[in-house]
Amino acid sequence: MRWQEAPLVPLAAAFALGICSTSWAAAPTSWILVAGATLLTLAACALALGRERVALAGLLALAAALGALRAASEPLPADHIARVALGPLVSVEGRLAEEPVSWAADRTRLLLDADGLRDGPDLRPVSGRLQVTLYGEIAPVGEGQRVALELKLSRPRGFKNPGAFDYPGFLRREGILLVGSGRAESLVALTADDPPWPVRVKRWAVATIGAHLPETSAALMAGLLLGEKTGLSPEASEAFRRAGVYHILAVSGFNVALLASSVFFVLLTLGIPRRATVVVAATALIGFALVVGGQASVLRATVMGLLLLAATLLDRESQLMNALALAVLALLAWRPGDLGEPGFQLSFAATAGIIYLTPTVTDWLSGWSWPKWLATSAAVSLAAQAAVTPVMLAHFNQLSLIGVAANLIVVPLAAVATTLGMLALLAALASVVAADILFQALWLLLLALRASVWAAAQVPVAMVHLPAPGWAAIASWCAALALVPYLNGARRWVRGAELACCGLALALSLWPWVRPGDGNLRVTFLDVGQGDAILVEVPEGPRLLVDGGPAGAQRLDVGERVLAPFLWNLPTARLDAVTLSHPDSDHSGGLRAVLTRFRVREFWENGRWISGTEDTLRAVERSGACRRTLVAGQRLWLGSALLTVLNPDGTRPLDEPPLWGQNEESLVLRLDWRGFSLLLTGDLGAPGEERLLASHAPVRALVLKVGHHGSRYSSTEEFLSATRAAVAVISVGARNPFRHPTPEALGRLEAAGARIYRTDRDGAVILETDGTTLSITRWASGVVDHLALDPERGS
Amino acid sequence: MSYSRAQLKLLLLLAGIFLAGLGVREWRADFPAAAERLERFDHEDPPPPIPPAPRSRTAPRWAAARVEATVPALAPQPPRPRTAIAPAPAPADPRPLDINHASLDEIARLPGVGPGLARRIVEERERLGRFDSTEGLRGILGLGPKKLAALREHVTVGE
């Protein structure tokens, strides 16, 4: 590729860099404005003086300044709903910005453009977008409809853990500053369901597909054609991810290109004049983009497709890279926040990779006497994979090893299926019978597609998980890719540079795995909302996870979303032991994902399981971990740390229901390492605490994990005075319905003289000790407290 | 015939698709069970529900002495009856049921409470630790205000 033919690339890069810069350093808008004006003057002067290179440099800097200006957060309008003082339950009116999404049996998510706030009898005009979760069966409503709702509004809150996904930031980029929740019965439709035509088309298409295909295949077809992924089962989505072909389920440039090219070539084949063909294809393209919605990938492909069609019309040679750069500029000028979105990055990285690398790689493969068609498709697959690897690792810690091969089979199948699906939908307009016959043929194809994805996902190391790469690793990888087309020149220094860049990227990626330990013991109380998840890292290497946070059919799977990314980023591939204190879903739920995704050597439990934890139990059985049922009195070594089991005392047979409820049968573990001691109490309540004291168990410890999230029926005065903990950590979710931690428990902890750390306010709480001092980090604020360990304490 | 080569290709392809579609339709009508199996080839059955009585486990080897003394359930046990789902109304018990200590079966025998609701009540109790009052039952899925009012006469909350 010659850079002269893509003059927009540097401009687009400068603009993107400007947007990026606002996240590193936020300069006041007025300063950027002044700087921009200065740059403009300088560039104009340079141009007047005939110094074109200087003018160009000025222009690029100006583009960066414009990007920074565009990304600077706009001031909130005075009537924005986030500014309005709100009561506990408010009555809001607004228009639905998209179709409601049901993400669990009785949970529905709405995107509401608020326009009125009911304040007694009057309606106060407001503005702003809300993301709303409704509980219960909602009345049928659709995009564009005005509705009234009773909501509890709050600021969005993400899990604050090292390397965690910034959920509030993500919502802010989407223009959402407040989230609301309410009961489905409170939803009242104010206008009739009269959606705009793209929504009608989409609904009709989904209904038609559903009428002609069996459930799973219909869900897959809706995903392929329209990006509707809600119907797809979690296992199926996971198989697509493992096989590295998930991108075909997102409506992407792939669909847009297919649509445009099939319309174009079919019409040409039928002998329609070129100009008319171009116009029809362009109309189809725009219509499709409107129907499937405004994801970055669709917009990118539509802009590029329209440019290519225009080039055909004007008989100009089209420059793909230039078209891509224009698409970047247009999209970022419209929605600068998209730059940080994985969807945007994946779409542009894959396209850029394909355009930039495919010719060279095809040459290489053809040089090894591969047939032409195979060389081209393999080159496209390789180029896309190479380009998206850093993005996938940075956002999802995923690297699909089977992806390049799987794409070779799956993409052509998906292409045929998508085209046939469009044809079948077209046919459905005319005749139901013809459509049904086409859908039957399509079913066969979809089965083949599912089978190949499933087979690829079964390969043992189809996908590996690696820690997110740092900037240096990403930069050296990009440099290595940028050098690829110049390798054919066989200049020695290019080869050297290529090798150096590849080596550097590899070394930087491997460094976290081989980094020597610092000899400290680390205990991380992760912020998992209402629930517990505690990781103990012993200096010799062993890792123990105590509980896995909440998950279940109706809520976010913390194991998948919080624990797994945290562990991958450490990095970890193996957990030496996983402990389940008791089977309540806020402790056991997340373990399903942990046991499925990591190698677990031992699983320690109290031996009791309750209904509702079947998924976790099955994951335990399949994980191959050695299971141990612990009872009081047992001692276990974890590296150089000693674990002592204090509860349950084993007096209650396992096949009888517990006397006081499951909580009192919680595993209570004591950990000792040098001068450090930690008491992990699970959800133990007052009766269990009493029993511990009566049995003279060694409960005295430096750090106490407060029992049952700070419930008032835990942490009795007697127990706290026996533990004499200097540090108390409460693992609890913000705004939880149980009102944990309770003022009673907090009062008793304070009276006992413990420093209190709470995961709802402090985010992850990280204890790190070398045996003589203890440092405690509140992750959310970054505040670190230091404590000297008293060697006399343990005696 | 005045078809071009490309047009012929396109038409042949279309005809082939229709032929395949008709064939599949015929086959699916004749063997619906096989078609259903094929459609669900990658489905996994949900795990079996956990029965109320937990199963016995083997003792950890390094604590054999201790465990033998405390876990008597190593011998095979006679099968326990599963939760009784009695369609007939249970004999009325004059004493209110202590919802904080009642077993799943006992709760399921309350008027208007089936095994599903009983399980949700027990889950809620396990999560909360205990109910402070019958108000704590409010909000459990399937327990509306009417049913709750009716239940209040039959239950109490013990310490």
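Scroll up a little and you will see the structure.
Report follows, based on the coordinates. (Residues numbered from 1 in each chain as written. Chains lettered and ligands numbered in written order. Predicted model: local features only at pLDDT ≥ 70, side-chain atom pairs only at ≥ 80, totals over all residues. Heavy atoms only, no water.)

**What to know about the overall build of chain B**
In terms of regular secondary structure, chain B is built from 6 helices and 2 strands. Along its sequence from the N terminus, chain B presents helices and strands in the succession α-α-α-β-α-α-α-β. Counting all 159 residues of chain B, 27% fall into the buried class. Across chain B, every contact between residues at least 6 apart in sequence was considered, and the portion connecting residues at least 24 apart equals 45%. In the form shown here, chain B has an accessible surface area of approximately 10,800 Å², with 60% of it arising from carbon and sulfur atoms. (Helix = DSSP H or I, 4+ residues; strand = E, 2+ residues; numbered from the N terminus. Buried < 20%, exposed > 50% of the residue type's maximum accessible area, 1.4 Å probe, protein only. Contact = heavy atoms within 4.5 Å. Areas by Shrake-Rupley, 256 points an atom, 1.4 Å probe, with all protein chains shown as cover.)

**A closer look at the packing of helix α16 (residues 471-483) of chain A against helix α17 (residues 492-514) of chain A**
Residue and element names in this part refer to chain A. Their axes nearest at 8 Å, the elements α16 and α17 cross at an angle of 150°. Of the possible angle classes, the one that applies to α16 and α17 is roughly antiparallel. Relative to α17, the crossing made by α16 is left-handed. Counted together, Ala-472, Ala-473, Ser-476, Trp-477, Ala-479, Ala-480 and Leu-483 of α16 and Val-494, Ala-497, Glu-498, Cys-501, Cys-502, Leu-504, Ala-505, Leu-508 and Ser-509 of α17 form the full contact between these two elements. When its residues are assigned to classes, the contact of α16 with α17 shows 13 nonpolar, 2 polar and 1 charged. (Axes fitted to C-alpha atoms, helices over the stretch in contact; angles between N-to-C directions. Parallel < 35°, antiparallel > 145°, perpendicular 65-115°, else oblique. Left-handed = near helix turned anticlockwise from the far one by under 90°. Nonpolar A, V, L, I, M, F, W, Y, C, P; charged D, E, K, R; others polar.)

**Considering the packing of helix α5 (residues 197-212) of chain A against helix α15 (residues 432-458) of chain A**
Residue and element names in this part refer to chain A. Their axes nearest at 10 Å, the elements α5 and α15 cross at an angle of 70°. The orientation of α5 with respect to α15, classified from their angle, is roughly perpendicular. Two packed elements cross with a definite hand, and for α5 against α15 that hand is right-handed. Seen from α5, the contacting residues are Thr-208, Ile-209 and His-212; seen from α15, they are Val-432, Ala-435, Asp-436, Phe-439 and Gln-440. Across the contact of α5 with α15, the residue classes break down as 4 nonpolar, 3 polar and 1 charged.

**Observations concerning the environment of Val-528 of chain A**
Residues and elements named next belong to chain A. In this fold, Val-528 is placed in the loop between β11 (521-525) and β12 (534-537). With 435 residues separating them in the primary sequence, Val-528 and Glu-93 have C-alpha atoms 33 Å apart. Discounting residues that sit within four places of it in the chain, Val-528 has contacts with Phe-159, Ala-533, Gly-549, Pro-550, Val-558, Val-562 and Leu-563.

**Here's the deal with the sheet that holds strand β22 (residues 727-730) of chain A**
All names here are of chain A. In spatial order, the strands read β17-β18-β19-β20-β21-β22-β23; together these 7 strands make up an open sheet with mixed pairing. What marks the edges here is a single partner per strand, and that holds for β17 (635-638) and β23 (755-758). The mean angle between the axes of side-by-side strands here comes to 20°, regardless of whether they run parallel or antiparallel. As paired strands, β22 and β23 are joined by 4 bridges and run parallel to one another. Directly across from Val-727, in β23, lies its bridge partner Arg-755. (Pairing = 2+ DSSP bridges.)

**A short note on the sheet that holds β11 of chain A**
Backbone-to-backbone hydrogen bonds pair the strands of a sheet. The strands run either parallel or antiparallel. All names here are of chain A. The mixed open sheet is built from 9 strands, whose spatial order is β16-β15-β14-β13-β12-β11-β24-β25-β26. Only two strands of the sheet have a single neighbouring strand rather than two, namely β16 (626-629) and β26 (783-788). Taken over all neighbouring pairs, the strand axes of this sheet differ in orientation by 15° on average, direction set aside. Here 4 bridges tie β11 to β12, and the two strands are oriented antiparallel to one another.

**What to know about the packing of aromatic side chains**
All names here are of chain A. Scanning the entire structure with this criterion turns up 8 aromatic pairs over all chains. With 5.8 Å between their ring centres and 50° between their planes, Phe-165 and Phe-170 make a pair best called tilted. Overall, Phe-165 belongs to the exposed group, its relative accessible area being 54%. Judged by its relative accessible area of 23%, Phe-170 falls in the partly exposed class. On the basis of an interplanar angle of 35° and a centroid distance of 5.8 Å, the ring pair of Trp-568 and Phe-598 is categorised as tilted. Note that Trp-568 is positioned in helix α18 (residues 558-569) and Phe-598 in the loop between α20 (591-597) and β15 (599-605), a separation of 30 residues in sequence. With respect to burial, Trp-568 and Phe-598 carry one shared label: buried. (Phe/Tyr/Trp six-rings, centres within 6.5 Å; stacked < 30°, edge-to-face > 60°.)

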